[in-house]
Amino acid sequence: MYKRIFFHSLLSGILAALACIIYYRIYFFATEADFSKVLNTFSMTGYSIIICLIAGFIYWAIVKWIKRRGEIVFNFLFSILSFAAVIIPISVSLPLDIQFPELFPGLAVPMVFFPVIAWYTVQPLFIRATAK
Amino acid sequence: MKKFIFPLTAIIIIAASAFTVIKSQDWKIADNYSVKFDGGDPSGQFSGLKGTVSFDPNDLAGSKFDVSIDVATINTGNGMKNTHAKSAMWFDAEKYPTIHFASSSFTKTASGYEVKGTLDMHGVQKEITIPFTFNNNVFAGSFQVSRLDYNINSAEPNHGASTFKVDLSVPVTK
């Protein structure tokens, strides 16, 4: 079962990373605010894949622990944690040489939701296999 | 010979008096200056430093600093904190748009120099002394300032830091 969950996590991570990269490009085009010192292609890809792999591990543990309602519990947990993580880009202090730090939440807050959105997007591809 | 004494004396006096009106060296503030403040949380920096810097180590009496900083340029690295810092609760950048320092006297110390002057911040003027060095055309100084002395959010003395260390590094060009 974990093999399926692993691929679910990996695919979610790659999809989330892709969404982050595309959104970063659009945001830069719109605002010309450069946050490449704290967010770049490598860091966005890394964060997205790591978050989804950790989510996959937690999913595996929860489904193993609460067999019937594990998926519901995990979905709630992932959504709540994603929402709570909004506070991170809002409260973080950037290096002082970065201009327009007030534009950073506009970039990073939506990105916080990309892993959970990607997870739910690809879930139908794996849900039957996991249920088995 | 006697008839030359008075004209010669006059020439010497005129020549000597020329040195009394020599101004201290005027310096132009270079772009890569930094005005940083550190209160733990928050910490940050100001940009928008401008003014006249006239300094000659050999003519401290004729030296003069008259500089100001645009309060709206405060940067703590966090947009939310920047907005708060500029609000009426803190610096009130709309009502007090600049922080101004005007020197009154300079003294030579063992490690460098000291400048006394008036710091005008948030509508309050206070006499302060800033120790500084001047090496390789860079003014560097550090001093402490209490926001409560300047009535900056004095209603909440324990909200964040009350005393800040200010570090200045101001390269200048001729």
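**Q** How do you make sense of the overall build of chain A when you look at a structure like this?
**A** A count of helices and strands for chain A gives 5 helices and 0 strands. Starting at the N terminus and walking to the C terminus, you meet the elements of chain A as α-α-α-α-α. Per-residue burial for chain A yields a buried fraction of 36% across its 132 residues. The contacts in chain A between residues at least 6 apart in sequence include a share of 75% that link residues at least 24 apart. Accessible area of chain A: about 8100 Å², with a carbon and sulfur share of 73%.

**Q** What is the right way to look at the overall build of chain B in this model?
**A** What chain B contains, in helices and strands, is 2 helices and 10 strands. Scaling as 2.2 N^0.38, a compact globule of 174 residues should have a C-alpha radius of gyration of about 16 Å, whereas chain B reaches 21 Å, well beyond that. Dimensions along the principal axes, computed over C-alpha positions, put chain B at roughly 80 × 30 × 30 Å. Sorting the 174 residues of chain B into buried and exposed places 37% on the buried side. Considering only residue pairs separated by 6 or more positions, chain B has 52% of its internal contacts joining residues 24 or more positions apart. Roughly 10000 Å² of accessible area belongs to chain B as shown, and the carbon and sulfur atoms make up 58% of that amount. The centroid of the 16 positive side-chain charges in chain B is displaced by 9 Å from the centroid of its 16 negative side-chain charges.

**Q** For this particular structure, what's the right way to read the interface of chain B and chain A?
**A** For an interface, size is often stated in terms of accessible area lost upon the parts coming together. Between chain B and chain A, the contact holds 10 residues from the first and 9 residues from the second. Both faces considered, chain B and chain A share a buried interface measuring about 740 Å² in area, 50% of it formed by carbon and sulfur atoms. Interface area lost by chain B to chain A is led by Asn75(B), Gly77(B) and Asn78(B), which between them contribute 47%. On the surface where chain B and chain A come into contact, there are 0 salt bridges. For the interface between chain B and chain A, the tally reads 6 residue pairs in polar contact (both at pLDDT 80 or more).

**Q** What exactly am I supposed to notice about the layout of surface pockets here?
**A** Over the atoms rolls a probe the size of a water molecule, and its path tells where empty space is left. Looking at the largest pocket, its volume works out to about 1000 Å³. Forming the boundary of the largest pocket are 47 residues, of which Phe37(B), Phe46(B), Phe91(B), Ile99(B) and Val166(B) lie nearest the centre. Tallied by class, the residues present in the lining of the largest pocket amount to 35 nonpolar, 8 polar and 4 charged. In this structure, the second largest pocket encloses a volume near 680 Å³. Taken together, the elements giving at least two residues each to the lining of the second largest pocket come down to helix 2 (41-65), helix 3 (70-84), helix 4 (87-91) and helix 5 (104-131) of chain A. Per-element tally for the lining of the second largest pocket: the top contributor is helix 2 of chain A, with 7 residues. Split into classes, the residues belonging to the lining of the second largest pocket amount to 25 nonpolar, 3 polar and no charged.

**Q** Is there a simple way to explain the pairing of strand 6 (residues 98-108) of chain B in this structure?
**A** Strand residues, when the strand is regular, have side chains that alternate between the two faces of the sheet. Residues and elements named next belong to chain B. Where strand 5 (residues 64-70) meets strand 6, 5 bridges bridge the pair, whose relative direction is antiparallel. Looking at the pairing, isoleucine 69 lines up with isoleucine 99 of strand 6. Strand direction decides the pairing type here: strand 6 and strand 7 (residues 113-121), joined by 8 bridges, are antiparallel. Paired with phenylalanine 101 across the bridge in strand 7 is leucine 119. Between the end of strand 6 and the start of strand 7, which pair antiparallel, lie 4 residues.

**Q** Even after reading the chapter, I still don't get the environment of Gly77(B), so can you show me in this structure?
**A** Following the sequence through the fold, Gly77(B) ends up in the loop between strand 5 and helix 2 (79-86). On the basis of relative accessibility, which here comes to 1%, the residue Gly77(B) falls in the buried class. If we ignore the near neighbours within four places in the chain, the residues touching Gly77(B) are Val92(A), Ser93(A), Leu94(A), Leu96(A), Pro101(A) and Asn82(B).

**Q** Before we go on, may I ask you to explain the pairing of strand 2 (residues 34-38) of chain B in this structure?
**A** All names here are of chain B. Along strand 2, the buried face is formed by Val35 and Phe37; none of Ser34, Lys36 and Asp38, which line the opposite face, is buried. As paired strands, strand 2 and strand 3 (residues 43-46) are joined by 4 bridges and run antiparallel to one another. Bridging across to strand 3, aspartate 38 finds its partner in serine 43.

**Q** How should the confidence of the model for chain B be read in this particular structure?
**A** Keep in mind that low pLDDT regions are not for reading the predicted coordinates in detail. This prediction gives chain B a mean pLDDT of 88; 91% of its residues lie at or above 70. On the interface metric, ipTM, the complex scores 0.70, and its pTM is 0.75.

**Q** Can you help me understand the nonpolar core in this one?
**A** Generally speaking, soluble globular proteins have nonpolar side chains that are buried together. Counting residues in each nonpolar core, the largest one holds 41 residues, and the members touching the most others are Phe55(B), Phe65(B), Phe91(B) and Phe139(B). Here this core gets 5 residues from one element, more than from any other, and that element is strand 8 (residues 124-135) of chain B. If you look at the next biggest cluster of nonpolar residues, it comprises 16 residues, including Cys20(A), Tyr27(A), Leu94(A) and Ile98(A).

**Q** Where do I start with the side chain of Asp92(B) in this structure?
**A** When you line up the elements, Asp92(B) lands in the loop between helix 2 and strand 6. Residues in contact with Asp92(B), not counting those within four places in the same chain, are Ala85(B), Lys86(B), Ser87(B) and His122(B).

What counts as what
Residues numbered from 1 in each chain as written. Chains lettered and ligands numbered in written order. Predicted model: local features only at pLDDT ≥ 70, side-chain atom pairs only at ≥ 80, totals over all residues. Heavy atoms only, no water. Helix = DSSP H or I, 4+ residues; strand = E, 2+ residues; numbered from the N terminus. Buried < 20%, exposed > 50% of the residue type's maximum accessible area, 1.4 Å probe, protein only. Contact = heavy atoms within 4.5 Å. Areas by Shrake-Rupley, 256 points an atom, 1.4 Å probe, with all protein chains shown as cover. Rg over C-alpha atoms; globule rule 2.2 N^0.38 Å. Lys, Arg positive; Asp, Glu negative; His and termini not counted. Charge placed at Lys NZ, Arg CZ, Asp CG, Glu CD. Buried area = accessible area lost by both parts, 1.4 Å probe. Salt bridge = Lys/Arg side-chain N within 4 Å of Asp/Glu carboxyl O. Polar contact = N/O pair within 3.5 Å; in protein donor to acceptor, adjacent residues only side chain to side chain. 1 Å grid on protein atoms, 1.4 Å probe; cavity = no way out; pocket = protein on both sides within 12 Å on 5 of 7 lines; lining within 4 Å. Points joined across faces, edges and corners; volume = space filled by probe spheres on them. Nonpolar A, V, L, I, M, F, W, Y, C, P; charged D, E, K, R; others polar. Pairing = 2+ DSSP bridges. pLDDT = per-residue confidence, 0-100. Core = buried A, V, L, I, M, F, W, Y, C linked by side-chain atoms within 4.5 Å.

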